[in-house]
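# Observations on the model geometry
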Amino acid sequence: TYKMMPSQQVRSRLSSNDDDSTAYSSVASSVASSVSAIDLILDKFEKRRGFKFFQAAISIWAIVAVAKNLGVGKHVYLDPADEVEKEAHGLRLSHEAGDRPRFALVRPFARSDVETLLKSFELWDSARPCGNYKTEWNLEDYTVYGDRYAEDEHPIVDLVISFSGKSGDIEGYDTLSTIQELFDARNGWGGCFSEFVSFEAGINPEDDIYDHQPIQTNPHWVNGPNEQFRKNYRFIKNKGYASMIMMESDVQPQVDGWLDLALSEVKRNQPFAVLGSKYSGNSWDNFREEIPTALLDHINGNAIYNTTHPLLEKMVNELEKEKNTIFNAIPFDYRMSQMWTEGSKGIPSDFPFKSMIDPATGNPVVLDPKMNTFRQWYEEYGNEQPIKQAHVIENYGATNFLPQQVEGVPLVHGKGLYIPNDPNLHKITLVITDWQMDRANQLLEVLDNNDHPFTEVVVMRTWKGWAELIKQNSENTGYMSKIYSILFGDDNSGELHGLSTKVRIVDRVAPEYMDLCEAPVETEYFMITNSYHRVAPDISHLMFTSGDVSSGIPSKPVIPYTPSEMDLCQEHVGCLETVKLGREIYPNLDKVVLDFDMVFETSTRNEFCAYWKGLYGQNGIVLQKRHGFVDSPEVYRWIPHGPSATSYTAYLYSLGIAESLFEFSDKSRQGSRDIFVKVLEGEEESNYLLNFWKALPPQVRNKMKQDRLKREGEG
């Protein structure tokens, strides 16, 4: 057995230099717990006013360099405050270590993550990392997730803050020292952590890249996180930690004792190499069957890594071998899943970026086969099931989600936490484009079965279709009798009272593609769909930002969009034409918003429609003349005939108000869930073909009919 070393000695032991990386720890004066991390770091920059930037940089560099060269244990002492430091760590150092394992909770960050990281620590005050598990937690609270450690075997956990850059970086330096101050001020968050350790991965700025925009073409797009993970692992392993708990800045704790619950999962799942979570979001819902097995099964990088397991060592060795190859274009966590999938299931690894060119060959990427190596790993460790799924964390990645989706989950990894619509704050109308009454009926009759946000429904109908349908239903019983009474009876108010949601029926006077502009909406917002769809079973996921009433920041709808330069848009004639029309309004438009995804703000809709009609004519006659004769039903279906959500978005951007009204969310990164579900796809297709046929000039229709009869005769 050994006794815990005094605080500064432990820090000296943990912070010695590794390879070309630099590690240092700093001791700072205690600060009031009410001071936020953001305030602290802003205060540091405020104090530097009057210095030129290079003077400040040289000053920081000189302090660090002198401290290292004088051999003072690789520390930078901002304020020794020995008595305060001893008191702050007294509780954490008052027990013997014995044979208890030592874990590292690692929080990596780059310069772009500073604000998110600092704000995330504020959550630790309301959701404490550990609880007094002898009194505050029942045994069953732990057994849900794992097995509770006995007091004399409970792991010792250090908090390790990993900066991707180098010493001398002012923002990185200030962030590390700020978190140190918070750590000491909060007694290591209530005694949950033994030591504070800061580590610098030493990645050159030009190599510290994490940029999703060139994901399909730049093989270095994820080099920063990949290199930081490899260096974090080596640092943690070389310092003798038994496990590395990776917790990025966008991992949000939700319950007290989340660290203890994570440790209980470690105890239950031994032996393992990686313990974490698969993807829980909905970005893949519409094409899950097309997702590679390795991606479906992959454990997100926010996981627990058993540094004593030989399989993990082999995997990291392989990542290090691949760091200067095209394999490094694959995120480290996905690449590790590919290795295990290839070995355990015999599925060759597929390169995920089809447009990327291999710099070594100048050709499309073909991955070198490594199945024999990975198969040997599986034969050696497969019986242990070394890659395991935890329950203490759910991974939503960059996907947007609502609080009720993750209620009670101890840890949530995700960037987009929003709130559902509050009908007391925002009223939303549903506009339905209809052609035949029985089609709108299939949507309306199940509307009350859904948890939806709509306070009113407006059905834009074609009178002829409704009248013919009613005449065909002579019995007129039940729901149909209510419709009949509106059309032909005493009730001519145009409102349908058979549902809990108010329904208004409006005879359109313009073509159906003008419904977006012609629908008489009375509420603040509205959404639009057509009668071939139904409202999704659970539409409570319609998202809004939280806003801040006290600060005058309004809550606003979250609008999913597709980047206009994505291959998905570039290869689709309708998308290209939609973007083209949008850019006639706002040349810098870079978003495609689907009509069924937009939550239109009614007052700006009215202004936009007046503008659009001035540009393209009352019913888009200018567009009709521009398109001319379209001889392809597929092209006819997708080219815009009237106003669109994308053009509406372009109009708002042209006024400079788009982002004050809406929170735009990139579908390709944050995902989205369909608000409306198509249920009559075949009939919708037939309707488009019918409209296409009607739009053809008579002579063209006759020519096509003659050609068809001729082919049938020859057949």
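Because the structure is predicted, anything quoted here is derived from the model rather than measured.

### Comments concerning the packing of helix H13 (residues 332-345) against helix H14 (residues 371-381)
Direction vectors running N to C along H13 and H14 enclose 80°, while the axes themselves pass 7 Å from each other. Taken together, H13 and H14 sit at an angle that is classed as roughly perpendicular. Residues Arg335, Met339, Trp340, Glu342, Gly343 and Ser344 of H13 pack against Met371, Phe374, Arg375, Trp377, Tyr378 and Tyr381 of H14. A class-by-class count of the residues in the contact of H13 with H14 yields 7 nonpolar, 2 polar and 3 charged.

### Concerning the state of the cysteines
Counting across every chain of the model gives 2 disulfides. Here cysteine 130 pairs with cysteine 192 through a disulfide, and the sulfurs are 2.0 Å apart. Its S-S torsion of about -90° marks the bond between cysteine 130 and cysteine 192 as left-handed, since a negative value means left-handed. Of this pair, cysteine 130 sits in the loop between helix H5 (114-126) and helix H6 (139-143) while cysteine 192 sits in the loop between helix H8 (187-191) and strand S4 (196-200), and the two are 62 residues apart along the sequence. The two residues cysteine 130 and cysteine 192 agree in class, both being buried. A sulfur-sulfur distance of 2.0 Å marks the disulfide that ties cysteine 517 to cysteine 609. Taking the torsion about the sulfur-sulfur bond, which here is approximately -90°, the covalent link between cysteine 517 and cysteine 609 counts as left-handed. You can see cysteine 517 sitting in helix H18 (residues 515-518) and its partner cysteine 609 sitting in helix H21 (residues 602-616), a full 92 residues away along the chain. By relative accessible area, cysteine 517 is classed as buried at 10%.

### What to know about the environment of glutamine 442
Relative to the elements of secondary structure, glutamine 442 occurs in helix H15 (residues 437-444). Take glutamine 442: its relative accessible area is 9%, and that puts it in the buried class. For the pair glutamine 442 and serine 531, spaced 89 residues apart in the sequence, the C-alpha separation amounts to 7.8 Å.

### Remarks on the packing of aromatic side chains
For any two aromatic rings, the description comes down to two numbers: the centre-to-centre distance and the angle of the planes. Scanning all chains against the criterion turns up 29 aromatic pairs. Relative to phenylalanine 600, the ring of phenylalanine 526 lies with its centre 4.9 Å away and its plane at 15°, an arrangement referred to as stacked. On the criterion of sequence distance, the pair formed by phenylalanine 526 in strand S17 (residues 525-530) and phenylalanine 600 in strand S22 (residues 600-601) is long-range, its members being 74 residues apart. With relative accessibility at 0%, the residue phenylalanine 526 sits in the buried group. Judged by its relative accessible area of 0%, phenylalanine 600 is buried.

### Quick word on the environment of glutamate 522
Turning to its location among the elements, glutamate 522 is positioned in the loop between H18 and S17. By relative accessible area, glutamate 522 is classed as exposed at 59%. For glutamate 522 and threonine 429, which are 93 residues apart along the polypeptide, the C-alpha to C-alpha distance reads 7.9 Å. When neighbours within four sequence positions are excluded, glutamate 522 is seen to be in contact with Glu456 and Arg504.

Scoring rules and cut-offs
Residues numbered from 1 in each chain as written. Predicted model: local features only at pLDDT ≥ 70, side-chain atom pairs only at ≥ 80, totals over all residues. Heavy atoms only, no water. Axes fitted to C-alpha atoms, helices over the stretch in contact; angles between N-to-C directions. Helix = DSSP H or I, 4+ residues; strand = E, 2+ residues; numbered from the N terminus. Parallel < 35°, antiparallel > 145°, perpendicular 65-115°, else oblique. Contact = heavy atoms within 4.5 Å. Nonpolar A, V, L, I, M, F, W, Y, C, P; charged D, E, K, R; others polar. Disulfide = S-S within 2.5 Å. Buried < 20%, exposed > 50% of the residue type's maximum accessible area, 1.4 Å probe, protein only. Phe/Tyr/Trp six-rings, centres within 6.5 Å; stacked < 30°, edge-to-face > 60°.

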